[in-house]
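Below, each chain spelled out in residue letters.
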Amino acid sequence: MPVPYNTHTTTDELVADYSSLINGKVVLTTGVSLGSLGGFFVQSIAKAQPAWLILAARNTEKLAQMEASITAAQPTVKVRTLQVDLGSLESVRNAAAQVNSWDDIPVIDVLVNNAGIMAVDYKLTTDGVESHLATNHLGPFLFTNLIAKKIVGSKEPRIVVVSSDGHRLNPFRFDDYNFDEGKTYNRWYAYGQSKTANMLFSISLAQKLGNKHNLQAFSLHPGVIWTNLGGHLDWTVEMSELQTADKSLGNAEGWKEFDAKPLERGAATHIYAAFDPSIKADNGAYLLDCHVADPLVDTVKSWATSSIEAERLWRLT
């Protein structure tokens, strides 16, 4: 019987249970900084002595702080940093080329696509794509595919895509993903579209690489955690806008209080997705609170679990 992990499960509990599975692994995580989910995830698994922790982020100063933190706590764990702006396809290509040039790291056992943005003002990237979609989906999609050879070189490769129950806020807008050049833009709908894309991406990875390369792929909702992801928002205003968006869609979240988690519970599902051995039969699944989400109980929209939608998105991307 699998251990009944739940919303109260902590990172330390999982690291203790999965220590033999983490030990010796090469793990690449995007969006790592002190006080973030990604940062707490790598700090937690460092205790189990992975072979390499590859830390990727846009800000080089924050990367250096993160590297110093891990090295001070776990001096025997090898750490390498990678600067990448996922909102720029040129930056993603350069970062992937750098990873592929590292002859001393021939395989990547676990890739955690953790980086993302949330509820920002309307903006097109230099590539002409709405910024949530570019940073949260296009960048990770391209990066993953460009370093795929190193990932599938692992005996048991696993890819984790950090999504959110925010996928409830919008299906993928196949014919208008840029919101009519901003005319119909809503920051929460845009965030929702990108989080739906994250779930569909993991489904496609599982379907396309699962049987051929023994690859496991999962998306997840870490929970509501107050990190720097929403540091730019005035929640006295934005909470009302978010509730309005939910109410317009008939989502229960429009009428209820958010149950926030601390980092040690929020990052637990990252560890569960990256290492739990019991979920292999659920390849491509969406996880939350350290379990495979149940659409009859949990917030799981059918538009984010459709194989047809996943294939449409793969082709468009």
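So, a few notes on the structure that sits alongside this text. Keep in mind that what you see is a predicted model, and the values were worked out from it rather than measured.

1. Brief notes about unusual backbone geometry
Right, on to step 1. Although it is not a glycine, Phe179 sits at a positive phi angle of roughly 55 degrees.
Right, on to step 2. For Phe179, the location among the structural elements is in the loop between strand E5 (158–162) and helix H7 (187–213).
Right, on to step 3. The backbone of Asp289 sits at a positive phi, close to 45 degrees, despite the residue not being glycine.
Right, on to step 4. Within the element layout of this structure, Asp289 appears in the loop between strand E7 (286–288) and strand E8 (291–292).

2. Describing helix H10 (residues 268–275)
Right, on to step 1. Among the 8 residues that make up H10, 8 are buried, leaving the element largely enclosed by the rest of the structure.
Right, on to step 2. Within H10, burial applies to Ala268, Thr269, His270, Ile271, Tyr272, Ala273, Ala274 and Phe275.

3. Some details on the nonpolar core
Here is a general trend for soluble globular proteins: nonpolar side chains tend to be buried in one another's company.
Right, on to step 1. Ranked by size, the top nonpolar core spans 40 residues in total, and within it Phe41, Leu53, Leu55 and Phe275 carry the most contacts.
Right, on to step 2. Listed by contribution, the elements that provide at least two residues to this core are helix H1 (11–22), helix H2 (37–45), strand E2 (52–57), helix H3 (60–73), strand E4 (110–113), E5, strand E6 (216–221) and H10.
Right, on to step 3. Of all the elements, H10 adds the most residues to this core, at 6 residues.
Right, on to step 4. Of all hydrophobic cores here, the second largest spans 29 residues; its members include Ala95, Ile108, Ala115 and Val161.

4. Details of the packing of helix H4 (residues 89–101) against helix H5 (residues 131–146)
Right, on to step 1. The contact between H4 and H5 brings their axes to 9 Å, and the two run at 25 degrees. The angle between H4 and H5 falls in the class roughly parallel. Relative to H5, the crossing made by H4 is right-handed. Two secondary-structure elements touch here, H4 through Leu89, Val92, Arg93, Ala95, Ala96, Val99 and Asn100 and H5 through Leu138, Gly139, Leu142, Phe143 and Leu146.
Right, on to step 2. Split by residue class, the contact of H4 with H5 holds 9 nonpolar, 2 polar and 1 charged.

5. Notes on the sheet that holds E8
Right, on to step 1. Strand order in the open sheet formed by 8 strands is E3-E2-E1-E4-E5-E6-E7-E8, and the pairing between neighbours is mixed. In this open sheet, the two edge strands, each paired with only one partner strand, are strand E3 (78–83) and E8.
Right, on to step 2. Bridge analysis of E7 against E8 gives 2 bridges, and the strand direction is antiparallel. Among the inter-strand pairings, Leu287 is bridged to a residue of E8, identified as Val292.
Right, on to step 3. Most of the contacts of H4 go to E3, to which it runs at about 155 degrees, and overall it touches strand E1 (26–30) and E3.
Right, on to step 4. The strands touched by H7 are E4, E5, E6 and E7; relative to E6, the strand with the most contacts, the crossing angle is about 160 degrees.

6. Examining the pairing of E4
Right, on to step 1. Here E4 shows two buried faces, one formed by Val110 and Val112 and the other by Leu111 and Asn113.
Right, on to step 2. The sheet contact formed by E1 and E4 spans 3 bridges and is parallel. Bridging from a neighbouring strand, Thr29 pairs with Val112 of E4.
Right, on to step 3. Two strands pair when backbone bridges link them, and E4 and E5 are joined in this way by 4 bridges, in the parallel orientation. If you follow Leu111 over to E5, its bridge partner there is Ile159.

7. Some details on the packing of H2 against H3
Right, on to step 1. Remark: H2 packs on H3, axes separated minimally by 10 Å, with the N-to-C direction vectors making an angle of 25 degrees. Regarding the angle of H2 to H3, the classification is roughly parallel. H3 is crossed by H2, and the crossing has right-handed handedness. For the pair H2 and H3, contact is made by Gly39, Val42 and Gln43 and by Met66, Ser69 and Ile70, respectively.
Right, on to step 2. Its residues assigned to classes, the contact of H2 with H3 comprises 3 nonpolar, 3 polar and no charged.

8. Re the packing of aromatic side chains
Right, on to step 1. Counting across every chain of the model gives 9 aromatic pairs.
Right, on to step 2. Ring plane angle 65 degrees and centroid distance 4.9 Å describe the contact between Tyr122 and Tyr185, whose orientation is recorded as edge-to-face. In this pair, Tyr122 is assigned in the loop between E4 and H5 and Tyr185 in the loop between E5 and H7, connecting sequence segments 63 residues apart.
Right, on to step 3. A centroid spacing of 6.2 Å and a plane angle of 35 degrees characterise the contact between Phe201 and Trp314, whose relative ring orientation is tilted. Taken together, the positions of Phe201 in helix H7 and Trp314 in helix H11 (residues 307–316) put the pair 113 residues apart, joining distant regions of the chain.
Right, on to step 4. The class of Trp314 is partly exposed, set by a relative accessible area of 22%.
Right, on to step 5. Over the face of the ring belonging to Trp102 we find Arg80, whose NZ or CZ atom lies 5.1 Å from the ring centre.
Right, on to step 6. Arg312 extends its terminal NZ or CZ atom over the ring of Phe174, reaching a point 3.9 Å from the ring centre.

What counts and how
Residues numbered from 1 in each chain as written. Predicted model: local features only at pLDDT ≥ 70, side-chain atom pairs only at ≥ 80, totals over all residues. Heavy atoms only, no water. Helix = DSSP H or I, 4+ residues; strand = E, 2+ residues; numbered from the N terminus. Buried < 20%, exposed > 50% of the residue type's maximum accessible area, 1.4 Å probe, protein only. Core = buried A, V, L, I, M, F, W, Y, C linked by side-chain atoms within 4.5 Å. Axes fitted to C-alpha atoms, helices over the stretch in contact; angles between N-to-C directions. Parallel < 35°, antiparallel > 145°, perpendicular 65-115°, else oblique. Left-handed = near helix turned anticlockwise from the far one by under 90°. Contact = heavy atoms within 4.5 Å. Nonpolar A, V, L, I, M, F, W, Y, C, P; charged D, E, K, R; others polar. Pairing = 2+ DSSP bridges. Phe/Tyr/Trp six-rings, centres within 6.5 Å; stacked < 30°, edge-to-face > 60°. Lys NZ or Arg CZ within 6 Å of the ring centre and 35° of its normal.

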